[in-house]
Amino acid sequence: MNATPLHLALIGDYNPDVIAHQAIPLALQQAADTLGLTLHTQWLDTEAMPETLHYFDGFWCVPGSPYRDTDGALRAIRFAREQRRPFLGTCGGFQHAVLEYARNVLGWKDAEHGELAPQAKRAVIAPLSCTLVEATDNVRLVPYTHIADAYGTLDLLEGYRCRYGVNPEFVDALLEGDLIPSGHDSAGDLRAVELLDHPFFVATLFQPERSALKGVTPPLAIALLNACQAVSA
């Protein structure tokens, strides 16, 4: 094991009944064991976000939205983005990573999540045309991205438990800058994004953590910890 432990924050409101909340700590421990790392994880309640987040080497924004405090979640995501700390967002974490980028990078101060503000003119997150609750689908990754490097393949079969995704009306504008598409489903809809010029900032609408419950270490958990180790070195 490494002499200096890694400290990873889980952004979200812990609920033991949420399958992803059961899976993520297990996924991270499996990844740490694979890499021979000592890992400490801490849940960050969105309503009680610490004043400073510099203690953490990396962040995972977890499923389970709407969060009790959207602004608290967005503040932690913004910290990871601006301070170049490794970040992974899955399901709700994907949605809020896109929302944070829209508001604070693109300057869309009126950007909203359609689950909380369904009538908003700029609901960058909107109901999916086909709800993905306990569904699986193929995902095609974009070559030479962090996520493609993590998996070592371009074709995945992944599971979802999600009702919201990126609003197609805003996809092109969202992806004009440093936020790039890194995965699409079988219908061509956006299912993964990441940031250019960042050590590791990846978000997926699917939930790769679920494989840990079947004894399979998620490649993105390994990639996240590898990035944390590289940044903290």
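Residues numbered from 1 in each chain as written. Predicted model: local features only at pLDDT ≥ 70, side-chain atom pairs only at ≥ 80, totals over all residues. Heavy atoms only, no water.

As named in an unreviewed UniProt entry, the protein is CTP synthase, taken from Pseudomonas fluorescens.

Let us now look at the overall build of the protein. In terms of regular secondary structure, the protein is built from 6 helices and 10 strands. In summary, the protein has a C-alpha radius of gyration of 16 Å against a globular reference of 17 Å for 233 residues, a match within 12%. Taken across its 233 residues, the protein has 53% of its residues classed as buried. In the protein, the proportion of contacts linking residues at least 24 apart, taken out of those at least 6 apart, comes to 70%. Within the structure as shown, the protein displays about 10,200 Å² of accessible surface, and the carbon and sulfur contribution to it stands at 48%. Across the protein, 16 positive and 28 negative side-chain charges occur, with their mean positions spaced 3 Å apart. (Helix = DSSP H or I, 4+ residues; strand = E, 2+ residues; numbered from the N terminus. Rg over C-alpha atoms; globule rule 2.2 N^0.38 Å. Buried < 20%, exposed > 50% of the residue type's maximum accessible area, 1.4 Å probe, protein only. Contact = heavy atoms within 4.5 Å. Areas by Shrake-Rupley, 256 points an atom, 1.4 Å probe, with all protein chains shown as cover. Lys, Arg positive; Asp, Glu negative; His and termini not counted. Charge placed at Lys NZ, Arg CZ, Asp CG, Glu CD.)

Looking now at the packing of aromatic side chains. Under the definition given, this model contains 6 aromatic pairs. Aromatic side chains Tyr-55 and Phe-56 sit 5.3 Å apart centroid to centroid with 80 degrees between the ring planes, which places their arrangement in the edge-to-face category. On the numbers, 5.9 Å between centres and 65 degrees between planes, the contact of Phe-56 with Phe-59 is edge-to-face. Through pairs of rings, three or more aromatic residues link up here, namely Tyr-55, Phe-56, Phe-59 and Phe-79. (Phe/Tyr/Trp six-rings, centres within 6.5 Å; stacked < 30°, edge-to-face > 60°.)

The next subject is the packing of helix H1 (residues 19-35) against helix H6 (residues 219-232). Here H1 crosses H6 at 60 degrees, and the two axes come no closer than 9 Å. In terms of their interaxial angle, H1 and H6 are classed as oblique. At the point where H1 passes H6, the crossing takes the right-handed sense. Between H1, through Ala-27, Leu-28, Ala-31, Ala-32, Thr-34 and Leu-35, and H6, the contact on the second element is made entirely by Ala-221, Ile-222, Leu-224, Leu-225 and Asn-226. Class assignment of the residues belonging to the contact of H1 with H6 gives a composition of 9 nonpolar, 2 polar and no charged. (Axes fitted to C-alpha atoms, helices over the stretch in contact; angles between N-to-C directions. Parallel < 35°, antiparallel > 145°, perpendicular 65-115°, else oblique. Left-handed = near helix turned anticlockwise from the far one by under 90°. Nonpolar A, V, L, I, M, F, W, Y, C, P; charged D, E, K, R; others polar.)

On to the nonpolar core. Within the largest apolar cluster, 73 residues are counted, with the highest numbers of intra-cluster contacts made by Leu-8, Ile-11, Leu-28, Phe-59, Trp-60 and Phe-87. If you tally residues by element for this core, the top one is H6, at 7 residues. (Core = buried A, V, L, I, M, F, W, Y, C linked by side-chain atoms within 4.5 Å.)

Turning our attention to a nonpolar patch on the surface. A surface patch of nonpolar side chains, amounting to about 220 Å² of accessible area, comprises Ile-19, Leu-26 and Leu-213. Topologically, Ile-19 is positioned in helix H1. Owing to a relative accessible area of 34%, Ile-19 belongs among the partly exposed residues under this scheme. (Patch = residues over 30% accessible without salt bridge, like charges linked within 9 Å, V, L, I, M, F, W, Y side chains within 5 Å. Salt bridge = Lys/Arg side-chain N within 4 Å of Asp/Glu carboxyl O.)

Time to look at helix H2 (residues 70-82). Look at H2: 18 Å from first C-alpha to last across 13 residues, which is about the 18 Å you get at 1.5 Å a residue. Buried residues of H2: Thr-70, Gly-72, Ala-73, Leu-74, Ala-76, Ile-77, Phe-79, Ala-80 and Arg-81, and no others. On the buried face of H2, the contacting elements are strand S1 (6-11), strand S3 (58-61), strand S4 (87-90), helix H3 (92-104), strand S9 (190-195) and strand S10 (201-204). A side-chain oxygen of the first residue of H2 lies 3.1 Å from the backbone nitrogen of Asp-71; this N-cap is Asp-69. Phi turns positive, to about 60 degrees, at Arg-84, one or two residues after H2. (Expected span 1.5 Å × (residues − 1). Polar contact = N/O pair within 3.5 Å; in protein donor to acceptor, adjacent residues only side chain to side chain.)

What follows is about the packing of H2 against H3. Taken N-terminus to C-terminus, the directions of H2 and H3 make an angle of 75 degrees; their axes are 9 Å apart at the nearest point. In terms of orientation, H2 lies roughly perpendicular with respect to H3. Contacts between H2 and H3 involve Thr-70, Asp-71, Leu-74, Ile-77, Arg-78 and Arg-81 from the former and His-96, Ala-97, Leu-99, Glu-100, Arg-103 and Asn-104 from the latter.

Per the counting criterion, the structure on display carries 11 salt bridges. A single network of salt bridges, built from pairs that share partners, joins Asp-13, Asp-45, Glu-47 and Arg-68.

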